[in-house]
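# Fold and contact review
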Amino acid sequence: MNKHVCFATLIYSLILMGSGLLGCQKGSMVSLYAGTGLGFFLFLSSIALFYKKKIGLYSATLLTSTFTTVFLIRYLKTEKPFLAILAALSGGMLCYLLLQISKWKKG
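Every chain's residues receive numbers from 1 upward, in the order its sequence appears when written. In view of the model being predicted, local features appear only for residues whose pLDDT reaches at least 70, and side-chain atom pairs are presented and counted only at 80 or more, with totals across whole chains, interfaces and linings using the full set of residues. Hydrogens and waters are ignored; side-chain quantities use all the structure's heavy atoms.

For an α-helix the count is 3.6 residues per turn, leaving residues at separations of three or four pointing the same way. The helix and strand labels rest on DSSP assignments: H or I over at least four residues marks a helix, E over at least two residues marks a strand, and numbering proceeds from the N terminus. An expected span of 1.5 Å times one less than the residue number is assigned to each helix. With 25 residues, helix α3 (residues 54–78) ought to run about 36 Å at 1.5 Å a step, and its terminal C-alpha atoms sit 36 Å apart, in line with that. Exposed residues in this analysis have more than 50% of their type's maximum accessible area, buried residues have under 20%, and partly exposed residues fall in between, with area computed by a 1.4 Å probe over protein chains only. If you check which residues of α3 are buried, you get Gly-56, Leu-57, Ala-60, Thr-61, Leu-63, Thr-64, Phe-67, Thr-68 and Phe-71. Should any heavy atoms of two residues lie within 4.5 Å, those residues are counted as being in contact. Close packing links the buried residues of α3 with α1 (3–25), α2 (29–50) and α4 (81–106). Residue Glu-79 follows α3 closely and has a positive phi angle near 60°.

Encoded structure:
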């Protein structure tokens with residue numbers, strides 16, 4: 001497993017936990033629970049990736065696809081630009097993780 005995947009997942013999880021805290025400051029407790037809770041599980045997935053565990057990559061991909069879907073649906077309902085940025089970031093991360101899964105299965 002490439003260390004870039006581990007660090008990218010780690011940074012992405014910290015961004016999501018930070019955005020959950022930012023949402024809490026704006027008054028959204030759902031953002032706090034979802035962002036920090038699922039972000040923490042993504043953080044654990046990145047730790048598993050450092051130990052070259054396949055479950056880390058699969059769980060990171062599942063959590064990222066969940067985030068991408070939620071951010072996209074919330075953006076379509078509210079049209080807030082911050083959600084569009086998070087949806088694009090999550091979509092890019094999802095594509096990156098899927099590419100890593102395909103490389104891992106070949107090797």
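The discussion continues.
Attention shifts here to the confidence of the model for the protein. Residue-level confidence of the predictor, termed pLDDT, takes values from 0 up to 100. The predicted model of the protein has a mean per-residue pLDDT of 92, with 98% of residues at 70 or higher. Mean pLDDT values for the elements of the protein range from 92 in α4 up to 94 in α3.

Attention now goes to the packing of aromatic side chains. The description of an aromatic ring pair rests on the distance of the ring centres and on the angle between the ring planes. We call Phe, Tyr and Trp rings a pair once their centres come within 6.5 Å, taking the six-membered ring for Trp, and we label the pair stacked below 30 degrees between planes, edge-to-face above 60, and tilted otherwise. One pass over the structure, following the stated rule, counts 4 aromatic pairs. Taking 5.6 Å as the distance between ring centres and 20° as the angle between the ring planes, the aromatic pair formed by Phe-67 and Phe-71 counts as stacked. Pair noted here: Phe-67 and Phe-71 are both in helix α3, with a separation of 4 residues, about one helical turn. Both residues of the pair, Phe-67 and Phe-71, belong to the buried class. Among the aromatic side chains, those forming a connected cluster through ring pairs are Phe-40, Phe-41 and Phe-43.

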